[in-house]
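# Architecture at a glance
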Amino acid sequence: MNDWLPSAMDVILSVILSQIAIYGQSVYLHRCLAHHSVTLHPSVCFLFRLSIWLLLGSNPREWVAAHRLHHRHADTEGDPHSPLFEGLFAVTFRGSKLNRAACADRAVVNRLTKDIPSDFVERMPFGRRYGGIALTLIFFSLCTGPLDTFWIYLLAFAQILAGIGIVNGLGHLPGPQVSGHIGRNLRSFALLTAGESLHANHHASPANARLATAKWELDPGWWFISFLRHVKLAEVRRLR
Ligand SMILES: [Zn+2]
Ligand SMILES: [Zn+2]
């Protein structure tokens with residue numbers, strides 16, 4: 001009875017997978033590649049890049065190009081994923097499509113990511129958008145069976161979408177905090193989003209490797225960077 005419901009292990013695995021994807025976005029794509037606020041050891045970059053390919057299928061250069069456009073045009077026309085123009089629903093559920101649309105012109109991507117040259121890894125198998133996700137689904141199907149795989153991926157995907165909706169959607173909706181600043185700090189969601197929900201802090205100082213600026217703000221992405229720095233796998237380029 002109720003054999004079709006997700007097991008506790010499905011839920012735990014979904015949290016682990018979604019957090020790996022969220023940390024990959026926050027620490028690697030965002031703080032390392034897009035803003036150069038931290039330099040990661042090549043082995044850490046490789047693992048993050050592999051995990052992003054396996055779980056999200058995102059192209060790092062496209063992600064960075066879209067994010068740099070977001071900073072350049074935040075909350076105005078030209079922002080690839082503004083909830084003010086696209087709506088909260090589209091930013092949350094069609095975020096990757098919006099990013100891809102912003103990156104349709106390869107010349108724009110190349111211009112915005114001159115510091116991240118395209119390499120053979122991007123063209124061979126990492127660059128194929130759904131290859132990694134398919135591999136992950138096959139792996140989990142073989143290990144846990146199709147039903148558990150369905151739940152694990154659905155729940156992980158829901159958490160990742162929630163993170164995107166919080167940071168890019170709610171983090172840019174008008175509200176009391178937004179006056180005079182770009183973005184909002186949604187402190188209650190910091191644990192779920194590796195600290196990225198401290199979005200007003202980030203827009204105020206985009207190159208800062210640490211997103212928390214007050215004692216009571218949580219920035220787990222920064223905690224992870226501090227750990228990597230402690231074991232000599234990361235170098236912080238800018239604080240404040
Ligand atoms: Zn923003
Ligand atoms: Zn940024």
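The model shown is predicted, which means the values in this text are computed figures rather than measured ones. Counting restarts for each chain: residues are numbered from 1 in the order of the written sequence. In the order they appear in the text, chains get letters beginning with A and ligands get numbers beginning with 1. At least 70 in pLDDT is required for a residue's local features to be given in this predicted model, at least 80 for side-chain atom pairs to be given and counted, and no such filter applies to totals for whole chains, interfaces and linings, which use all residues. Side-chain metrics in this entry use all non-hydrogen atoms of the structure; hydrogen atoms and water are not considered.

In this section: the overall build of the protein. Along the backbone of the protein there are 12 helices and 2 strands. Mapped in sequence order, the helices and strands of the protein form the string α-β-α-α-α-α-α-α-α-α-α-α-α-β. Each radius of gyration reported is based on C-alpha atoms, and the globular scaling rule is 2.2 Å times the count of residues to the power 0.38. For 240 residues, the compact-globule estimate of 2.2 N^0.38 gives 18 Å, and the C-alpha radius of gyration of the protein, at 18 Å, lies within 12% of that figure. Along the three orthogonal principal directions, the C-alpha set of the protein runs to about 55 × 40 × 40 Å. Only heavy atoms enter the contact rule, under which two residues are in contact if any of them lie within 4.5 Å. Counting only contacts in the protein whose residues sit at least 6 apart along the sequence, the fraction spanning at least 24 positions is 68%. Entry remark: accessible area of the protein is about 12100 Å², with carbon and sulfur atoms responsible for 67%. Within this scheme the basic residues Lys and Arg register as positive and the acidic residues Asp and Glu register as negative, but His and the chain ends are omitted. Positions of charges follow a simple convention, taking NZ of Lys, CZ of Arg, CG of Asp or CD of Glu. Taking the 23 positively charged and 16 negatively charged side chains of the protein as two groups, their mean positions are separated by 7 Å. Only DSSP runs of H or I reaching four residues or more are called helices, and only runs of E reaching two or more are called strands; each is numbered from the N terminus. Only the protein chains shown count as covering a residue, and every accessible area follows the Shrake-Rupley method with a 1.4 Å probe.

A word on the packing of aromatic side chains. Here is the rule: rings of Phe, Tyr and Trp (six-membered ring for Trp) pair when centre to centre is within 6.5 Å. Planes less than 30 degrees apart are stacked, more than 60 are edge-to-face, and the remainder are tilted. Applying the stated rule across the entire model yields 7 aromatic pairs. Ring plane angle 85 degrees and centroid distance 5.5 Å describe the contact between Phe 139 and Phe 140, whose orientation is recorded as edge-to-face. Between Phe 150 and Trp 151, the ring centres sit 5.3 Å apart and the planes meet at 70 degrees, which makes this aromatic pair edge-to-face. You can call Trp 151 buried: its relative accessible area is 15%. Three or more aromatic residues joined by ring pairs make a cluster, and in this case those are Tyr 23, Tyr 28, Phe 48, Phe 224 and Phe 227. The rule is simple: take the accessible area with a 1.4 Å probe, protein chains only, and divide by the maximum for that residue type; under 20% is buried, over 50% is exposed, in between is partly exposed.

Bringing the coordination of the zinc ion (ligand 2) into the picture now. Taken together, His 30 (NE2), His 35 (NE2), His 67 (NE2), His 71 (NE2) and His 202 (NE2) make up the full set of protein donors to the zinc ion (ligand 2), lying 1.9 to 2.2 Å away. Counting the intervening residues between successive donors of the zinc ion (ligand 2) yields the motif H-x4-H-x31-H-x3-H-x130-H. Here His 67 lies in helix 3 (residues 60-72) and His 35 lies in the loop between helix 1 (8-34) and strand 1 (38-40), a separation of 32 residues in the sequence. Accessibility classification places His 35 together with His 67 in one group, the buried group. Ligating atoms shown are N, O and S within 2.8 Å of the metal, or 3.2 Å for Na, K and Ca, and water is not included, meaning a site may look less than complete.

As a further point, take the coordination of the zinc ion (ligand 1). Within the protein, His 70 (NE2), His 172 (NE2), His 199 (NE2) and His 203 (NE2) serve as the donor atoms for the zinc ion (ligand 1), at 2.0 Å. Working rule for geometry: tetrahedral if four donors all subtend angles between 85 and 135 degrees; square planar for four, octahedral for six, if opposite donors exceed 155 degrees and the others stay between 65 and 115; irregular in every other situation. Considering all 4 donor atoms around the zinc ion (ligand 1), the spread of angles at the metal, 97 to 142 degrees, places the coordination shape in the irregular class. Look at where the donors of the zinc ion (ligand 1) fall in the sequence and you get H-x101-H-x26-H-x3-H. Of this pair, His 172 sits in the loop between helix 10 (146-169) and helix 11 (199-204) while His 199 sits in helix 11, and the two are 27 residues apart along the sequence. What makes His 199 buried here is its relative accessible area of 2%.

Another aspect to go through is the nonpolar core. By nonpolar core we mean a set of buried residues, namely Ala, Val, Leu, Ile, Met, Phe, Trp, Tyr and Cys, connected to one another through side-chain atoms within 4.5 Å. In this structure, Tyr 28, Leu 33, Leu 40 and Phe 48 are the most contacted members of the largest nonpolar core, which totals 32 residues. In terms of residue count, helix 1 provides more of this core than any other element does, 10 residues in total. Residues contacting Leu 33, with those up to four places away along its chain left out, are Tyr 28, Pro 60, Val 64, Arg 68, Asp 115 and Ile 116.

A few words now on the environment of Ala 8. Relative to the assigned elements, Ala 8 resides in helix 1. Accessibility expressed as a relative area gives 59% for Ala 8, which makes it exposed. Along the chain, Ala 8 and Ser 205 lie 197 residues apart, while their C-alpha atoms are 40 Å from each other.

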